[in-house]
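# Descriptive analysis of the structure
Below, each chain spelled out in residue letters.
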Amino acid sequence: QVQLVESGGGLVQAGGSLTLSCAASGSIVIINAMGWYRQAPGKQRELVASISSRGLTNYADSVKGRFTVSSDNAKNTVYLQMNSLKPEDTAVYYCNAAVVSRTASNGQRTSLYWGQGTQVTVSS
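Thresholds, definitions, all that
- Residues numbered from 1 in each chain as written.
- Predicted model: local features only at pLDDT ≥ 70, side-chain atom pairs only at ≥ 80, totals over all residues.
- Heavy atoms only, no water.
- Helix = DSSP H or I, 4+ residues; strand = E, 2+ residues; numbered from the N terminus.
- Rg over C-alpha atoms; globule rule 2.2 N^0.38 Å.
- Buried < 20%, exposed > 50% of the residue type's maximum accessible area, 1.4 Å probe, protein only.
- Areas by Shrake-Rupley, 256 points an atom, 1.4 Å probe, with all protein chains shown as cover.
- Lys, Arg positive; Asp, Glu negative; His and termini not counted.
- Charge placed at Lys NZ, Arg CZ, Asp CG, Glu CD.
- Pairing = 2+ DSSP bridges.
- Salt bridge = Lys/Arg side-chain N within 4 Å of Asp/Glu carboxyl O.
- Polar contact = N/O pair within 3.5 Å; in protein donor to acceptor, adjacent residues only side chain to side chain.

Turning to the overall build of the protein chain, a few remarks are in order. Counting its secondary structure elements, the protein chain contains 0 helices and 11 strands. What you see in the protein chain, going N to C, is helices and strands ordered as β-β-β-β-β-β-β-β-β-β-β. Computed over its C-alpha atoms, the radius of gyration of the protein chain comes to 15 Å, within 12% of the 14 Å expected for a compact globule of 124 residues. Taken along the three principal axes of its C-alpha coordinates, the protein chain extends 55 × 25 × 20 Å. Across the 124 residues that make up the protein chain, the buried fraction comes to 38%. By element, 47% of the accessible surface of the protein chain is carried by carbon and sulfur atoms, the whole surface being about 6,700 Å². The distance from the centre of the 10 positive side-chain charges to the centre of the 6 negative ones in the protein chain is 7 Å.

Pairing between strand E3 (residues 18-26) and strand E8 (residues 77-82): 6 bridges, direction antiparallel. Within the sheet, the bridge partner assigned to leucine 18 lies in E8 and is methionine 82.

All right, on to the pattern of salt bridges then. Within this structure, the stated rule accounts for 4 salt bridges. Residue arginine 38 is joined to glutamate 46 by a salt bridge in which the shortest nitrogen-to-oxygen separation is 2.8 Å. For arginine 38, a relative accessible area of 6% gives the class buried. On the basis of relative accessible area, glutamate 46 is assigned to the partly exposed category, the value being 31%.

In this fold, threonine 77 is placed in strand E8. For threonine 77, a relative accessible area of 8% puts it in the buried group. Among the polar contacts listed, one links the side chain of threonine 77 to the backbone oxygen of lysine 75, at a separation of 2.9 Å.

Set out below in structure tokens:
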């Protein structure tokens with residue numbers, strides 16, 4: 001099994017910064033991509049940022065220029081540096097990973113895993 005452990009959430013004032021981290025552990029062959037989604041109350045979960053094992057990044061338009069996603073492949077960890085935070089950034093942030101693992105028959109399987117979420121609250 002694979003577990004994603006998130007940390008770094010909290011309460012900040014508008015204009016402040018916060019860094020989230022997510023570490024994957026377990027039966028991992030390789031992680032093809034990791035990313036962050038967020039879900040505000042009453043809204044659907046949306047992609048915030050993602051990064052592939054090759055370093056290719058993708059951002060939601062609403063966070064471009066403010067958020068930076070990075071990864072440490074050796075540690076199976078992804079980070080989200082959030083700057084110039086706005087009240088509309090308030091949400092539960094979920095880590096996501098596309099993980100390749102070994103099957104019982106020694107094959108490979110790619111599965112999506114999710115963290116439990118970490119609350120980010122931006123006050124004005």
